[in-house]
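For reference, the chains in residue letters:
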Amino acid sequence: MKKFTFLSLISLFLLVLSCDTIDDPLKNNDLTGGGGNDTSSTDTVLQNVLLEEFTGVKCNNCPEAAEEAKRLVAAYGDRIIVLAIHAGNLAQTDPDHPRAFRTPEGTAYFNDFNLFGVPVGFVNRKEYEQNAIIKLFQDWNTEIVEEISKPAVAKINLVEQGYNSSSRELDINGTVEVIGDLPDADIYLTVILAESKITSAQTMPDKSINPNYEHNHVLRAAFNSAYGEAIDLSSDTANFNYSITLDAEIVKENAEVIAYIYNRDTYQVIQAAKIEL
Amino acid sequence: MKKIALVMALLTNTILIAQTDERDYGQLHGNFQTNLQYYLQDTIIDPTGEAFPPERMLAAGFLNLTYTKGDFMAGVRYENYQNNLVGLPEGFQGEGIPYRFIRYKKYGLDVTAGNFYEQFGSGLVFRAYEERGLGLDNAMDGLRLIYELTPGITVKGILGRQRIYFETGDGIVRGADFEVNLNELKQEYGGTNLIVGGSFVSRYQQAQDPILNLPENVASGGLRVNLISGRFNFYAEGAYKSQDPNSSNNFIYKPGYALYTNASYTLGNLGIILGYKYYDNFLFRSERVGSLTELLINYLPPLAELHTYTLPALYSYNIQANGETGMQAEVSYKFDRGTLLGGKYGTLININYSNSYALDKNFTYRYRDSAQTDSTISGTDGYTVGGFPGVGDIRYSQDFNVEVKSKLNRKLKGTFSYYNFIYNRSALLDGVVDDRIGPNTKIEMVYVNAFIADILWKIKPRHSLRFEGQLMLTEQDRGSWASLLLEYSIAPKWFFAVQNSYNYSNPDPDLRVHYPLVSLGYTRGTNKIQLTYGRQQEGVFCVGGICRVVPASNGFSMLITSNF
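Conventions we followed
Note on numbering: residues in each chain are counted from 1, in written sequence order. By the order in which they are written, chains take letters starting at A while ligands take numbers starting at 1. For this predicted model, a pLDDT threshold of at least 70 governs which residues receive local features, and a threshold of 80 or more governs which side-chain atom pairs are given and counted, while totals over whole chains, interfaces and linings are taken from all residues. In DSSP terms, a helix is any run of H or I states spanning at least four residues, a strand is any run of E spanning at least two, and both are numbered starting from the N terminus. Exposure in this text rests on C-beta crowding, where 20 or more other C-beta atoms within 10 Å of a residue's own make it buried, 12 or fewer make it exposed, and counts in between make it partly exposed. The C-beta atoms are placed from the backbone. Contact between two residues is assigned when their C-beta atoms, built from the backbone, lie within 7 Å. pLDDT: the predictor's confidence for each residue, scored from 0 to 100. Nonpolar residues are Ala, Val, Leu, Ile, Met, Phe, Trp, Tyr, Cys and Pro. Charged residues are Asp, Glu, Lys and Arg, and all others, Gly as well, are polar. Here, strands pair whenever DSSP counts at least two bridges between them. Each axis is a line fitted through C-alpha atoms, taken for helices only over the stretch in contact, and angles between the N-to-C directions span 0 to 180 degrees. The term nonpolar core refers to a group of buried residues, namely Ala, Val, Leu, Ile, Met, Phe, Trp, Tyr and Cys, whose C-beta atoms join them within 7 Å. Each helix should span, by expectation, one fewer than its residue count multiplied by 1.5 Å.

Some words on the overall build of chain A
Phase 1: From N to C terminus, chain A includes four helices and 13 strands.
Phase 2: Across the 277 residues in chain A, those meeting the buried criterion constitute 41%.
Phase 3: Considering only contacts in chain A between residues 6 or more positions apart, those separated by 24 or more positions represent 71%.

Written as structure tokens, this is what we have:
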């Protein structure tokens, strides 16, 4: 019995020693303003992270993933650029879900990267070559922590050049400036139109349907196709300009333009920027 | 990889030598399995093609080799997934040797280096195990020491990381366990015995969350007692887990508690088993973020009836590690031959009842925004539980079943079962639990009555025919089903089976379809091959309360197993 008591005491001792007790779960540090990296100023200096969130209006787990994206934006500020891509079988209309936000670009990403379902995401499209590009939303933060601490090798400056309200034609231009060592590969630029504050039906985690769910950062169209175009950065700077005609149902004031450059071999996003129109 | 190849070459040489030399060069044993499935697109049961893989054919298999010589043992397992079968985790892709170990025992010390499986007590605190059907393999990769201090007192220590697909997780797992067997300690055998034990496990994982201060070290500990006295056997284990905010509990900071008890009593032909469970926030992984079967450190006994027949198995119990409580009672009685109910050959009756409820949780919320519109339980203690026994309003399951086994005559044996169960589909299959339940949530309960007749007819020596008739009645979910199976066996080599399940009252008339399945099996020595063709209904496959949803599919499959 003495041995038993001794062993019990050792176990309790180990238990006490081997756990951390947190009295204050919430951190007070403000991560949103650091580094002058407010992408809304269109002047990106540090590495931003493009979070491509694959989702669907009939996916009951997707609102949780959207919540996680929102939480990460609240934590890291504008250095996280979220693009919600509605694709797959759960992004289809039915009488309960009159709008589904599918796009040819979103479907291309869904099929080309062999997605098995939603919600999942890409974090700067990292680890494509390791066959691990698909990240569950529970892993986004861990992946973002790795990406966001990387030094930026390029800056993207985005400007709204003009908008014709009658023709609904939107012109944007921008500059990519190399400030570090680019990978030895073809660099492509993709420019995307997204829209926020869309009120439409969504299946919720409890399987009920919320007809007034607010969809944000929804991929609506590409200015220069799903995978963009090669950009010549041999002189360390390149300018670009594109136009797009906004679809009638897009609210221009809620639209966003996202531009990113990536390594065409690995799909890894090198830098991303966003402006709200 | 080269080192492993070298070891294998040496082992093979050793065995070859052993065939021609009388000296003891040890023994090499192995087993092999491969499962190939060729899928056909079936637009009726899978209209969107979600479960139709682009590869068309998928294959998964393994080869285990274990070498033993005296107190020395070493082994490897080669696994291949090209790619994993539909319904199983896609993380298993490719091929490799994810399991290898060396083990020896000397002077009471048992040392394992490499991969190992282990369990402390009932598993509440620690269980590393493999369940291929679920795609679950949380094998440790590290060190294990087992030491017998004195006969009757055993101490175990473990250290390492857990397997996740072809890699290991980030979390470091450390643990220890001791067990005292009083009879062995006193060298007095027979009569009443008391076995007591204690265990603890701790996990370290670096924390980088931008919002939450996360504990990097999380510990769990438990004490257990097992009293064995003739007709009576009582087992109880209680465990505690320190703050463990994780993706499964929505990052709450409440400690976890678990209690599992099981008592049995036998008197003559009568057997009684009673069990009780209380699990409160007790899911433990070696990484904070994981899904389904990944990186589980512990195991919670489900204490629920395992549904083995095809149709009741569509509603199998899925343990709710974030919180549940329940009980199970089983009474079995064997009526002797020659009695009214025993008939000419005797009759065994089992009556089983179990239930599971959500805990009575009162949630704690915080606002994430200054406008106080966005609330979450994350970053709080999560909830408090009403006073003991803490049974909440939401029922997860209730299961009552009666099984009668009887030999009808010299050639006929029968097992007749009746099931009556209530199944919370929303919680157990869709994961709608706890704070995911809102004011507009419709909890989908399924009420089922099922009847099974399983009759074995020994036609003549070595030839037998098994008939299985199942009827499962419900007005909810996918409606009622009927199923028939005929299986003809010619022992010990052949079996042929034909089965059809019919979902005749599915609320969607297009899904009132038949699921025919034909199988052929051939056994030669220790080699077995089984071919199957047909439609498989969508279902849930569970082992020990851990479940995986298996999508509907159509196609051929071939299963080959072999061992030596």
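Structure's up, so let's keep going.
Brief notes about the overall build of chain B
Phase 1: Looking only at helices and strands, one finds three helices and 35 strands in chain B.
Phase 2: Considered along the principal axes of its C-alpha atoms, chain B spans approximately 80 × 65 × 60 Å.
Phase 3: Counting only residues that meet the buried cut, chain B has 35% of its 564 residues in that class.
Phase 4: Here the contacts in chain B between residues at least 6 apart in sequence split such that 58% fall between residues at least 24 apart.

Notes on the confidence of the model for chain A
Phase 1: The predicted model of chain A averages 86 in pLDDT, with 87% of residues at 70 or higher.
Phase 2: Between the elements of chain A, mean pLDDT differs from a low of 58, seen in helix α1 (residues 2-17) of chain A, to a high of 97, seen in strand β9 (residues 218-222) of chain A.

What about the interface of chain B and chain A?
Phase 1: Opposite the 42 residues of chain B that make contact, chain A presents 34 residues.
Phase 2: When contributions to the side of chain B that touches chain A are tallied by element, the ones reaching two or more residues are β13 (172-181), β14 (193-204) and β15 (217-229) of chain B.
Phase 3: In the side of chain B that touches chain A, the residues fall into 16 nonpolar, 17 polar and nine charged.

As for the sheet that holds strand β11 (residues 237-245) of chain A
Strand pairing in a sheet takes place through backbone hydrogen bonds and is either antiparallel or parallel in direction.
Residues and elements named next belong to chain A.
Phase 1: Taken together, the three strands give an open sheet; going across it, the order is β4-β5-β11, and neighbouring strands pair in antiparallel fashion. The sheet is open, and its two edges are formed by β4 (154-164) and β11, each paired on a single side. Looking at each pair of strands side by side, their axes are set apart by 15° on average, direction ignored.
Phase 2: Taken together, the ten bridges between β4 and strand β5 (residues 169-178) define a ladder with antiparallel strand orientation. Opposite L158, over in β5, you have G174 as the bridge partner.

Concerning unusual backbone geometry
All names here are of chain B.
Phase 1: For the peptide bond that leads from Q82 to N83, omega is -25°, which places it in the cis range.
Phase 2: Mapped onto the elements, N83 comes out in the loop between β3 (72-81) and β4 (94-106).
Phase 3: Geometrically, the link from A491 to P492 is a cis peptide bond, its omega value of 0° lying close to zero.
Phase 4: Within the fold, P492 resides in the loop between β29 (481-490) and β30 (494-502).
Phase 5: Notably, N250 is not glycine yet its phi reads approximately 65°, a positive angle.

Observations concerning the pairing of strand β35 (residues 553-563) of chain B
Residues and elements named next belong to chain B.
Phase 1: Pairing geometry for strand β1 (residues 27-39) and β35, over nine bridges, is antiparallel. Of the residues in β35, the one forming a bridge with F32 is S562.
Phase 2: Where strand β32 (residues 527-536) and β35 come together, nine bridges link them in antiparallel fashion. Looking at β35, one finds that Q530 is bridged to L559.

Points about the pairing of strand β27 (residues 445-460) of chain B
Phase 1: Pairing of strand β26 (residues 412-424) of chain B with β27(B), which is carried by 13 bridges, proceeds in the antiparallel orientation. Across the sheet, residue Y423(B) finds its bridge partner in β27(B), namely V446(B).

Considering the nonpolar core
Phase 1: The biggest cluster of nonpolar side chains holds 73 residues, and the ones touching the most others in it are L83(A) and A259(A).
Phase 2: In this structure, A259(A) is in contact with I156(A), L158(A), G174(A), L189(A), V191(A), A272(A) and A273(A), ignoring residues within four places of it in sequence.
Phase 3: Of all hydrophobic cores here, the second largest spans 38 residues; its members include A74(B), A128(B), Y279(B) and L283(B).

Here we look at the confidence of the model for chain B
Phase 1: Confidence in the prediction for chain B averages 89 pLDDT; 94% of positions are at 70 or higher.
Phase 2: Interface scoring of the predicted complex returns ipTM 0.72; its pTM is 0.82.

Observations concerning helix α2 (residues 62-76) of chain A
Given 3.6 residues per turn, any residue in an α-helix points the same way as the ones three and four places further on.
All names here are of chain A.
Phase 1: Between the first and last C-alpha of α2 there are 21 Å, a value that for 15 residues agrees with the 21 Å anticipated at 1.5 Å per step.
Phase 2: What α2 keeps buried is the set C62, A65, A66, E68, A69, R71, L72, A75 and Y76.
Phase 3: Of the surrounding elements, those touching the buried residues of α2 are β1 (49-55), β2 (80-86) and α4 (140-148).
Phase 4: The first or second residue beyond α2 is G77, which carries a positive phi of 75°.

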